[in-house]
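Single-letter residue listing:
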Amino acid sequence: MISLIVAYSNNRAIGKDGKIPWHLPEDLHRFSTLTKWLGRDSSSNNQNTVIMGRRTWESLPEKVRPLPDRNNIVITSKQIDGIQTFPLLEKAIMFATLKFGGNIFLIGGQRIYEEGMNYADQILATEIDLFVEDADAFFPMIDNDEWFPAWKGSVHHYGHPDLTLLNYRFVD
């Protein structure tokens, strides 16, 4: 199964100045829970893989790079010590499917999401009720004839330190 996993704002923003423009612990927990190979032996041939672009890789805090308990692949023409890299998303997906066999999660950024729409079986989204001024990375528009939510969660609220209230919901 190939999934796009994303959190985006009302204006479809996913990034600003190389960072996620909000902090939502519940979404981070969901991301971690869905993408890890929980309960499986990390030496088995059925491991989950996260595939990301170079800028997404560089935006991760060093203490969690590579993301633990998942195979990490970065789409870049450069080599990264200790990390599998590929110049093309298609090659990375083929490699992960053959080598690891688990679920594949495309985790960003914008170009990975745009290309990933051609390969994805599902979109696991967190919709955040926020307009991000000066965003520089966006999640692509979804073709409603091709993609439709199987489930929309209820609206949740998070008391964000910089905002009075941040509303969000999970959509699968």
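All of the points below concern the structure found in this document. (Residues numbered from 1 in each chain as written. Predicted model: local features only at pLDDT ≥ 70, side-chain atom pairs only at ≥ 80, totals over all residues. Heavy atoms only, no water.)

### Thoughts on the overall build of the protein
The following threshold applies: The helix and strand labels rest on DSSP assignments: H or I over at least four residues marks a helix, E over at least two residues marks a strand, and numbering proceeds from the N terminus. The Shrake-Rupley method, run with a 1.4 Å probe, gives the accessible areas here. Residue values count only the displayed protein chains as cover.
Helix and strand counts for the protein come out as 4 helices and 10 strands. Along the protein, from the amino end to the carboxyl end, the secondary structure elements read β-β-α-β-α-β-β-α-β-α-β-β-β-β. Carbon and sulfur atoms make up 51% of the accessible area of the protein, which totals about 9,700 Å².

### Remarks on the pairing of strand E1 (residues 2–9)
Filter applied, for reference: Relative accessible area decides the class of each residue, using a 1.4 Å probe on protein chains only: under 20% of the type maximum gives buried, over 50% gives exposed, and in between gives partly exposed. The pairing criterion is simple: DSSP has to find at least two bridges between the two strands.
Of all 8 residues in E1, 8 are buried; the element is thus mostly enclosed. By the bridge criterion, 3 bridges tie E1 to strand E6 (residues 101–106) in an arrangement that is parallel. Note that in E6 the partner of Ser3 across the bridge is Phe105. The pairing of E1 with strand E7 (residues 122–129) spans 7 bridges and is classified as parallel.

### Here's the deal with the nonpolar core
Selection rule: To define a nonpolar core, start from buried Ala, Val, Leu, Ile, Met, Phe, Trp, Tyr and Cys residues and group those joined through side-chain atoms within 4.5 Å. Contact criterion: two residues are considered in contact whenever any of their non-hydrogen atoms come within 4.5 Å of each other.
Leu4, Val6, Ile51, Leu106 and Phe139 are the most contacted members of the largest nonpolar core, which has 25 residues in total. Those elements giving two or more residues to this core turn out to be E1, strand E4 (71–75), helix H3 (89–99), E6, helix H4 (110–116) and E7. Once residues within four sequence positions are removed from consideration, Leu4 is found in contact with Leu106, Tyr113, Gly116, Met117, Ala120, Gln122, Ile123, Leu124 and Phe139. Core analysis: the second largest hydrophobic core is formed by 13 residues, Phe31, Leu60, Leu67 and Leu124 among them.

### Observations concerning the pairing of E4
So the rule is basically this: The handedness of a crossover follows from its direction of travel: if, with the strands pointing away from the viewer, the path from the first strand over the helix to the second runs clockwise, the crossover is right-handed.
Burial analysis of E4 places 5 of its 5 residues in the buried class, which makes it a mostly covered element. Side chains Asn71, Ile73 and Ile75 of E4 all project onto a buried face; the interleaved residues Asn72 and Val74 project onto the opposite face, where all are buried too. When strand E3 (residues 47–53) meets E4, the two strands line up parallel, connected through 5 bridges. Note that in E4 the partner of Thr49 across the bridge is Asn71. Traced from E3 through helix H2 (residues 54–59) to E4, the parallel crossover comes out right-handed.

### Some words on the side chain of Asn48
What counts here: Two N or O atoms count as a polar contact when they lie within 3.5 Å, although within protein this holds only if one can serve as hydrogen donor and the other as acceptor, and sequence-adjacent residues are included solely when both atoms are side-chain atoms.
The residue Asn48 is located in strand E3 in this model. In terms of polar contacts, Asn48 uses its side chain to reach the backbone carbonyl oxygen of Thr35, at 3.4 Å. Only 3.0 Å separates the side chain of Asn48 from the backbone oxygen of Lys36, close enough to count as a polar contact.

### Some remarks on the environment of Trp37
Its place among the elements puts Trp37 in the loop between helix H1 (25–35) and E3. Owing to a relative accessible area of 10%, Trp37 belongs among the buried residues under this scheme. For the pair Trp37 and Asp69, spaced 32 residues apart in sequence, the C-alpha to C-alpha distance is 6.3 Å.

### Re a negative patch on the surface
So the rule is basically this: Like-charged residues are merged into a patch within 9 Å and nonpolar side chains (Val, Leu, Ile, Met, Phe, Trp, Tyr) within 5 Å, provided each residue has over 30% relative accessible area and no salt bridge. Salt bridges are defined by distance alone: a side-chain nitrogen of Lys or Arg within 4 Å of a carboxyl oxygen of Asp or Glu. Residues scored as charged are limited to Lys and Arg (positive) and Asp and Glu (negative), so that His and the chain ends carry no count. Charge positions are represented by NZ for Lys, CZ for Arg, CG for Asp and CD for Glu.
A cluster of like negative charges, contributed by Asp17, Glu133, Asp134 and Asp136, occupies part of the molecular surface. Checked against the element boundaries, Asp136 lands in the loop between E7 and strand E8 (137–138). What makes Asp136 partly exposed here is its relative accessible area of 44%.

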